[in-house]
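A closer look at the structure
The lines below spell out each chain.
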Amino acid sequence: MNTAELNIYKDIEEYCERYNIPIESLMDILEDQKVLPMIRGKATEYIAAIILKKSLGRNWQVQKLNLNPQQGTYDEDISITHSKTGIRLKVEAKSAVRGSFTLGTKRTKVNVPHFKVKCHKSRSNISKSTTTNDRYLMDDFDLVVCNLSNAIFQGATLGDNLELIYDSEAISFLKTHYKTHAEKELIRSAYDDWFCCFPRMIAQKDSSIPRTPTVQLINDTNWFL
């Protein structure tokens, strides 16, 4: 075990000791189907910060924030600040809707390959879906970022593992699109395919952001890479 691996193991030991977690059960806890969605959602925020750092370069400072929201506010995910001007932008990282990728048909509103993004407040209730109570307003943050990955995983599955959507035609299309063959390669490509937009581009007439806006996989005028 090298020094880096030893340090990681020590950190894990300290973490388990601090929160009274049996270290031999740590992986079972992390993979619990009630726990995993929250971990994956939080991981999306950290990965988004890394992607932004790489994309924006030296002129921007990127900070991953872990703030407790005050009443009437939300927990800001990422802050990016322009070094020369001091302009600060608030960034919201969101996951795609599970299993939402589809090729589209002529009978649907969007007849090209697309998926949906969860842009409503995380603790919202479906009973509020027809109101703006569980929605963000376009001025709540300056940029929304997401990736495709969650959209290609089938929802409401019983197994412990994430399963690809059962639409074989859609999976075949995605493998061609990303020039991949194996499922692992496709999943990695989906993890790495990021989209972002300015909230005003998708806001509705009442200035609220749709609960699950649509993202076209190719040439979306509202979402860019």
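First things first, this report covers the structure right here in the doc. (Residues numbered from 1 in each chain as written. Predicted model: local features only at pLDDT ≥ 70, side-chain atom pairs only at ≥ 80, totals over all residues. Heavy atoms only, no water.)

Description of the sheet that holds strand β2 (residues 78–82)
The condition that has to hold: One requirement defines pairing of two strands: DSSP has to find at least two bridges between them. Only DSSP runs of H or I reaching four residues or more are called helices, and only runs of E reaching two or more are called strands; each is numbered from the N terminus. Axis definition: a line fitted to C-alpha atoms, over the contacting stretch in the case of helices. Angles run 0 to 180 degrees between N-to-C directions. Working rule for contacts: check all heavy atoms of both residues, and any pair within 4.5 Å makes them a contact.
Overall, mixed pairing links the five strands, which are arranged β1-β2-β3-β5-β6 in an open sheet. Whereas interior strands pair on both sides, the edge strands pair on one side only; in this sheet they are β1 (60–64) and β6 (194–197). Here the strands of the sheet are splayed against their neighbours by 25° on average, with no regard to which way each runs. In this sheet, strand β3 (residues 88–93) lies alongside β2 in antiparallel orientation, the contact comprising four bridges. Residue Ile-78 lies in a different strand from β3, and its bridge partner there is Val-91. Most of the contacts of helix α3 (residues 36–56) go to β1, to which it runs at about 170°, and overall it touches β1, β2, β3, β5 (143–147) and β6.

As for unusual backbone geometry
As a reminder, the rule being used: Exposure categories follow from relative accessible area, calculated using a 1.4 Å probe and restricted to protein chains: below 20% of the type maximum is buried, above 50% is exposed, and the middle band is partly exposed.
Despite not being glycine, Asn-20 has its phi angle at roughly 55°, a positive value. Its place among the elements puts Asn-20 in the loop between α1 (3–18) and α2 (26–30). Residues other than glycine seldom take positive phi values, yet Lys-179 does so here, at roughly 55°. Topologically, Lys-179 is positioned in the loop between α4 (168–178) and α5 (183–192). With a relative accessible area of 75%, Lys-179 lands in the exposed category.

Regarding the pattern of salt bridges
What counts is decided by this rule: The working definition used for a salt bridge is a side-chain nitrogen of Lys or Arg within 4 Å of a carboxyl oxygen of Asp or Glu.
One pass over the structure, following the stated rule, counts seven salt bridges. A salt bridge links Arg-211 to Asp-134, with the nearest nitrogen and oxygen atoms 2.7 Å apart. Taken as a pair, Arg-211 in the loop between α6 (199–202) and β7 (214–216) and Asp-134 in the loop between β4 (114–116) and β5 lie far apart in primary sequence, 77 residues in all. A salt bridge links Asp-192 to Arg-188; the shortest N-O distance between them is 3.2 Å. One end of the pair, Asp-192, and the other, Arg-188, are both in helix α5, four residues apart, so they sit about a helical turn from each other.

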